[in-house]
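Remarks on the overall topology
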Amino acid sequence: MSLALHKLSALGGSELGFVVHAGAGSCRQPQHYLQLGADDVLLIEAVPQLAASLRALTSGLEGVRVEEGALSPTEAEQDFYLLNNPVESSLLKPSALLEQFPNLKLRQVCKVRTLRLDRLLQSVVRREGRSNVLVLEIKGMEHEVLRGLNSEDLEKFDFLVLETAAQPLYEGAVPASQTIDVLHAHGFDVVDAPVRPHLARQSLILRLDRGRAQLVQLHRSLSNQQSRIAKLEAALAVEVGRTEDAEKQVAEKSAVISGLQAQLEEEAQKCKRQAGLVARQEEELGRIRPLVTSLEQTKTDLESQFGKLRVQSEEEAQKSKQQAALLSRQEEELGRLRPHAAALEQ
């Protein structure tokens, strides 16, 4: 990686500014960044003993900070495959790497803290006349980590030094060509590819073409705007459809309301007619009421007379009963006298 950094100085034509180096455990002389003009250096390392060594190496170096953790699209604790050569360790299982290099051995699977690169880049700023550099030696994770960055994050850097492999050495990794395609879409072009000591990997140097990056950004912005316009048009069509449906519903409800109003007016006319009839009935009742009162008085008088007649009738009946009893006794007395009268006549 030191060869790539020295070539950067020749390619860039300006001093280094902000340097972010992920997988920095292989960086044995981090002060070289300062010698190349860097004024801010962030070293990221997942292997605890390598991170401790970096902290010891950079102790007292102003502008250099060490962050312990492995880069990942998410922040959590994840399994970490620690090899006997710690710099080859990764969040990804090194199946093809162990087959290709039998001298490498898996020592243990441990837990490490994972970090999001976009959050670590929040403090990175561009300075006039200086070149910011992003160095990634993260053993198969470069593709996923870079995909998690937006154009604004990547355009903070003038150069990107990328350790990658033509064919994946770790499970879940992708060929270097796919990662280069991602970076090319953000305006980065490969400008130098120094050969690594072994052929399995190489370190690529990519430079940001800011003119093309702006053009890509404009195309992306235009595409996003067109997509938003299409979505708005689709939403508008939906709203127009809903409006038309609502208008139909309003028309139907208006027709129903008109029908109800007609029924209401008809019912009002019926009520008006019924009110007139009730008024006439009340008027007729007003005329009849005195007659009813008179009839009731007549009824009362008749009932009183009938009561008197009933009493007289009862009295007459009693008298008739008494007269009948008297007549019966007279008939009885006459019956006793009749034989004596006959005897006297003889």
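Shown above is the structure to which this text applies.
The structure displayed is predicted, hence computed values, not measured ones.

Concerning the overall build of the protein chain
Along the protein chain, the regular secondary structure elements total 9 helices and 10 strands. The C-alpha radius of gyration of the protein chain comes to 59 Å, more than 25% above the 20 Å expected for a compact globule of 346 residues. Seen along its three principal axes, the alpha-carbon backbone of the protein chain occupies a region of about 195 × 50 × 40 Å. Excluding contacts between residues fewer than 6 apart, the proportion of contacts in the protein chain whose partners are at least 24 apart in sequence is 66%.

Describing helix α8 (residues 176-185)
By the burial criterion, the buried members of α8 are Ala176, Thr179, Val182 and Leu183. The buried side chains of α8 occupy one side of the element, clustering within an arc of 120° when seen end-on. Next to the buried residues of α8 lie α6 (142-147), α7 (151-154), β8 (159-164), β9 (188-192) and β10 (202-208).

Looking at the sheet that holds strand β4 (residues 70-71)
Read from one edge to the other, the open sheet built from 3 strands follows the order β4-β6-β5, with strand pairing classed as mixed. Both outer strands of the open sheet, β4 and β5 (77-83), are each paired with one neighbouring strand and no more. Alignment of β4 against strand β6 (residues 106-115), held across 2 bridges, turns out to be parallel. Counterpart to Leu71 in the pairing with β6 is Leu115.

With respect to empty space enclosed by the protein
Going through the model one piece at a time under the given rule, you end up with 3 cavities of 30 Å³ or more. For the largest cavity, the calculated volume is near 220 Å³. Lining the largest cavity are 22 residues, with Gly23, Glu45, Ser89, Glu137 and Ile138 positioned closest to its centre. Within the residue set of the lining of the largest cavity, elements represented by two or more residues are β2 (40-45) and β4. Class assignment of the residues belonging to the lining of the largest cavity gives a composition of 13 nonpolar, 6 polar and 3 charged. In this structure, the second largest cavity occupies an estimated 80 Å³ of space. Along the walls of the second largest cavity sit Lys139, Gly140, Glu142, Glu163, Thr164, Ala165, Pro168, Leu169, Tyr170, Ala173, Val174 and Arg201, which together make up its complete lining. Each residue belonging to the lining of the second largest cavity can be placed in one class, and the counts come to 6 nonpolar, 2 polar and 4 charged.

Thoughts on helix α9 (residues 210-345)
The largest bend along α9 measures about 30° and falls at Leu337, with the proline Pro339 one to four residues further on. Within α9, burial applies to Arg212, Ala213, Val216 and Gly307. Where α9 is buried, its residues meet α8, β9 and β10. N-capping of α9 is provided by Asp209, with a side-chain oxygen placed 3.2 Å from the backbone N of Gly211.

A few points about the pattern of salt bridges
Under the criterion given, the structure shown has 21 salt bridges. Lys111 is the partner of Asp79 in a salt bridge, and the nearest nitrogen-oxygen pair spans 2.9 Å. On the criterion of sequence distance, the pair formed by Asp79 in strand β5 and Lys111 in strand β6 is long-range, its members being 32 residues apart. You can call Lys111 exposed: its relative accessible area is 54%. Among the ionic pairs, Arg336 bridges to Glu333, the shortest N-O distance being 1.8 Å.

A word on the environment of Ser203
Along the chain, Ser203 falls in strand β10. When its relative accessible area of 3% is taken as the criterion, Ser203 is described as buried. The sequence separation of Ser203 and Val182 amounts to 21 residues, and the corresponding C-alpha distance is 16 Å.

What about the side chain of Asp158?
The topology assignment puts Asp158 in the loop between α7 and β8. For Asp158, a relative accessible area of 12% gives the class buried. Reaching out from Asp158, the side chain makes a polar contact with the side chain of Arg126 at a distance of 3.2 Å. A polar contact of 3.1 Å, which involves the side chain of Asp158, links it to the side chain of Arg210. Not counting the four nearest positions on each side in its chain, Asp158 is found in contact with Arg126, Arg130, Ser131, Asn132, Phe188, Leu206, Arg207, Leu208 and Arg210.

Observations concerning unusual backbone geometry
Note on backbone geometry: most residues besides glycine have negative phi, and most peptide bonds are trans. For Lys139, which is not glycine, the phi dihedral falls at a positive 50°. Judged by its relative accessible area of 7%, Lys139 falls in the buried class.

Rules of the game
Residues numbered from 1 in each chain as written. Predicted model: local features only at pLDDT ≥ 70, side-chain atom pairs only at ≥ 80, totals over all residues. Heavy atoms only, no water. Helix = DSSP H or I, 4+ residues; strand = E, 2+ residues; numbered from the N terminus. Rg over C-alpha atoms; globule rule 2.2 N^0.38 Å. Contact = heavy atoms within 4.5 Å. Buried < 20%, exposed > 50% of the residue type's maximum accessible area, 1.4 Å probe, protein only. Arc of directions from axis to C-beta. Pairing = 2+ DSSP bridges. 1 Å grid on protein atoms, 1.4 Å probe; cavity = no way out; pocket = protein on both sides within 12 Å on 5 of 7 lines; lining within 4 Å. Points joined across faces, edges and corners; volume = space filled by probe spheres on them. Nonpolar A, V, L, I, M, F, W, Y, C, P; charged D, E, K, R; others polar. Bend = angle between axes of the 7 residues up to and from the residue. Polar contact = N/O pair within 3.5 Å; in protein donor to acceptor, adjacent residues only side chain to side chain. Salt bridge = Lys/Arg side-chain N within 4 Å of Asp/Glu carboxyl O.

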